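# Secondary and tertiary structure notes
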Amino acid sequence: MTRRDGDARTQTLERTQTQRPRLYRVMLLNDDYTPMDFVVMVLERYFRKAEQDAQLIMLAVHHKGRGVAGVYPRDVAETKVAQVTSHARAEGYPLQVVAEPEA
Ligand code: TYC
């Protein structure tokens, strides 16, 4: 990393590599009321999972309490949270979906 001092108050930091955008995990949380079939449909439709993978992820969330539906840049992750939450509420289900930054 090179540091060039121009004006005493202004410094420019140069990097040879650009930083990759931070990625966010979209997490599904378990609850007692959302039907399993609805969660599987969500994983297929919004997270592009094949049916068998969707079943496995849904069951893992059911047993462990939470699990990763997908990993995306922040704007995509936030859009998926909003879309899935809106769909679940429209059906009257309490499904919780959250985005969290990768470590
Ligand atoms: N626990 C729910 C049931 O027994 C199923 C479920 C799975 C709900 C995953 C939410 O994120 C979830 N119907």
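Residues numbered from 1 in each chain as written. Predicted model: local features only at pLDDT ≥ 70, side-chain atom pairs only at ≥ 80, totals over all residues. Heavy atoms only, no water.

### Points about the pattern of salt bridges
Per the stated rule, a full pass over the model turns up three salt bridges. Close ionic contact of glutamate 100 with arginine 25 constitutes a salt bridge, the shortest N to O distance being 3.6 Å. Taken together, the positions of glutamate 100 in strand 5 (residues 96-101) and arginine 25 in strand 3 (residues 23-29) put the pair 75 residues apart, joining distant regions of the chain. Classification of arginine 25 as partly exposed rests on a relative accessible area of 25%. Here the salt bridges do not stand alone but share partners, grouping Arg25, Arg66 and Glu100 into one network. (Salt bridge = Lys/Arg side-chain N within 4 Å of Asp/Glu carboxyl O. Helix = DSSP H or I, 4+ residues; strand = E, 2+ residues; numbered from the N terminus. Buried < 20%, exposed > 50% of the residue type's maximum accessible area, 1.4 Å probe, protein only.)

### Describing the packing of aromatic side chains
Tallied over the full model, the rule gives two aromatic pairs. Ring centres of phenylalanine 38 and tyrosine 93 lie 5.1 Å apart, and the angle between their planes is 65 degrees; this geometry places the pair in the edge-to-face category. Separated by 55 residues along the polypeptide, phenylalanine 38 in helix 1 (residues 36-45) and tyrosine 93 in the loop between helix 3 (74-90) and strand 5 bring together distant segments of the chain. Residue classification places tyrosine 93 among the partly exposed positions, given a relative accessible area of 23%. On the basis of an interplanar angle of 40 degrees and a centroid distance of 6.3 Å, the ring pair of phenylalanine 47 and tyrosine 72 is categorised as tilted. Within this pair, whereas phenylalanine 47 is found in the loop between helix 1 and helix 2 (51-64), its partner tyrosine 72 is found in strand 4 (residues 66-73), the two being separated by 25 residues in sequence. Just as phenylalanine 47 is buried, tyrosine 72 falls in that class too. Over the face of the ring belonging to tyrosine 72 we find lysine 80, whose NZ or CZ atom lies 5.2 Å from the ring centre. (Phe/Tyr/Trp six-rings, centres within 6.5 Å; stacked < 30°, edge-to-face > 60°. Lys NZ or Arg CZ within 6 Å of the ring centre and 35° of its normal.)

### Some words on the site of the ligand
Taken together, the neighbourhood of the ligand is formed by Leu28, Leu29, Asn30, Asp31, Thr34, Met36, Val39, Met58, Val61, His62 and Leu95. One of the backbone nitrogen or oxygen atoms of leucine 29 is found 2.8 Å away from an oxygen atom of the ligand. Taken by itself the ligand offers 350 Å² of open surface, and the protein chains cover 89% of this. If you list the elements that add at least two residues to the shell around the ligand, you get strand 3, helix 1 and helix 2. With three residues, the single largest contributor to the shell around the ligand is helix 2. Per-class residue counts for the shell around the ligand are seven nonpolar, three polar and one charged. (Near = heavy atom within 4 Å. Polar contact = N/O pair within 3.5 Å; in protein donor to acceptor, adjacent residues only side chain to side chain. Areas by Shrake-Rupley, 256 points an atom, 1.4 Å probe, with all protein chains shown as cover. Nonpolar A, V, L, I, M, F, W, Y, C, P; charged D, E, K, R; others polar.)

### Side note on the confidence of the model for the chain
In regions of low pLDDT, the predicted coordinates are not meant to be interpreted in detail. The pLDDT averaged across the chain works out to 91; a share of 88% of its residues lies at or above 70. Per-residue pLDDT, averaged within each element of the chain, yields its smallest value for strand 1 (residues 2-5) (44) and its largest for helix 1 (99). Scored below 50 in pLDDT, residues 1-6 makes twelve contacts in the model with residues more than four places away or belonging to other chains. (pLDDT = per-residue confidence, 0-100. Contact = heavy atoms within 4.5 Å.)

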